[in-house]
Structure formats: structure tokens, C-alpha cells
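# Residue-level structural notes
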Amino acid sequence: EGLEVDYFVSHWWGHPFERTVQALTNFAEEVYAGIGKESAGDVVFWICLFALNQHQAAEEVGSMPELGPFNAALSQARHGAVMVLDSR
């Protein structure tokens, strides 16, 4: 069954993962009440990094990207998408 996803997350691959987590923590602190959550820890993120096997991306996405895992995850995000960028 799983959890309902609040936000789909895209990020720059060169960004250290711990900084991505910190950025999402900061974001959750800002939005949780506005989306009806009791705490920032209740905000559910789906990170694009975990959408598909990056070593077999072409096989997993196939010839119709709109049917691939990114689009499937994005369409399930109840409150939209978040993009985490580096300061550079």
C-alpha cells in the first residue's frame, strides 16, 4: 500500500546527499502546516534518484518516457515537485 507522496524531488547529481536531505528538512519545516501535516516529519518526499536504476535508465524508461517511473512518481505527488539546487 505505501505512503501517499506529498512532493516529487529532483536534485542536482553533484549536490552532496546530506545537503539534499537538509534542504528537504528545511522545506518541510516551511510547508507542513499548510498541507495539513502535524509535523515536518510527516511530509513525504519521493526522490528522483530512487526512481530507476541509473545504470539501466534507457531500459527502464523505454521508448515512451511518459509511461516511465519518473512520470509515474510525479503524477502521484499530491502537492507538486521540489527542485533542490546548489548555490552555484
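None of these values were measured; they are calculated from a predicted model.

## Comments concerning the pattern of salt bridges
This model, assessed by the stated rule, comprises three salt bridges. One salt bridge in this structure joins E4 and R78, with 2.4 Å as the shortest N-O distance. Taken together, the residues E4 in the segment before β1 (7-11) and R78 in the loop between α3 (69-76) and β3 (81-84) connect sequence positions 74 residues apart. Take E4: its relative accessible area is 52%, and that puts it in the exposed class. Exposure remark for R78: the relative accessible area of 42% places this residue in the partly exposed category.

## Describing the packing of aromatic side chains
Summed over all chains, the structure comprises four aromatic pairs. The interplanar angle of 55 degrees and the centroid separation of 6.2 Å between the aromatic rings of F27 and F45 together place this pair among those described as tilted. In this pair, F27 is assigned in helix α1 (residues 17-31) and F45 in strand β2 (residues 45-47), connecting sequence segments 18 residues apart. Residue F27 is classed as partly exposed on the basis of its relative accessible area, which comes to 26%. With relative accessibility at 23%, the residue F45 sits in the partly exposed group. One aromatic cluster in this structure is built from Y7, F27 and F45.

## A word on the environment of D6
With respect to the secondary-structure elements, D6 resides in the segment before β1. For the pair D6 and E66, spaced 60 residues apart in sequence, the C-alpha separation works out to 20 Å. Discounting chain neighbours no more than four positions away, the residues touching D6 are I35, K37, D42, V43, V44, A77, R78, H79 and G80. Of the polar contacts made by the side chain of D6, one reaches the side chain of K37; its length is 3.1 Å. At 2.8 Å, the side chain of D6 forms a polar contact with the backbone nitrogen of V44.

## Quick word on the nonpolar core
Counting eleven residues, the largest nonpolar core consists of Y7, V9, L24, A28, V31, I35, A40, V43, I47, V82 and V84. Secondary-structure elements contributing two or more residues to this core are β1, α1 and β3. By residue number, the principal contributor to this core is α1, which donates three residues. Those residues within four positions of V84 in sequence are excluded, and the remaining contacts are V9, S10, H11, W12, H15, T20, A23 and L24.

## Details of the confidence of the model for the protein
Counting all residues, the mean pLDDT for the protein is 86, and 97% of those residues have values of 70 or more. Averaged over each element, pLDDT in the protein is lowest for helix α2 (residues 57-61) (74) and highest for α1 (94).

Cut-off values and rules
Residues numbered from 1 in each chain as written. Predicted model: local features only at pLDDT ≥ 70, side-chain atom pairs only at ≥ 80, totals over all residues. Heavy atoms only, no water. Salt bridge = Lys/Arg side-chain N within 4 Å of Asp/Glu carboxyl O. Helix = DSSP H or I, 4+ residues; strand = E, 2+ residues; numbered from the N terminus. Buried < 20%, exposed > 50% of the residue type's maximum accessible area, 1.4 Å probe, protein only. Phe/Tyr/Trp six-rings, centres within 6.5 Å; stacked < 30°, edge-to-face > 60°. Contact = heavy atoms within 4.5 Å. Polar contact = N/O pair within 3.5 Å; in protein donor to acceptor, adjacent residues only side chain to side chain. Core = buried A, V, L, I, M, F, W, Y, C linked by side-chain atoms within 4.5 Å. pLDDT = per-residue confidence, 0-100.

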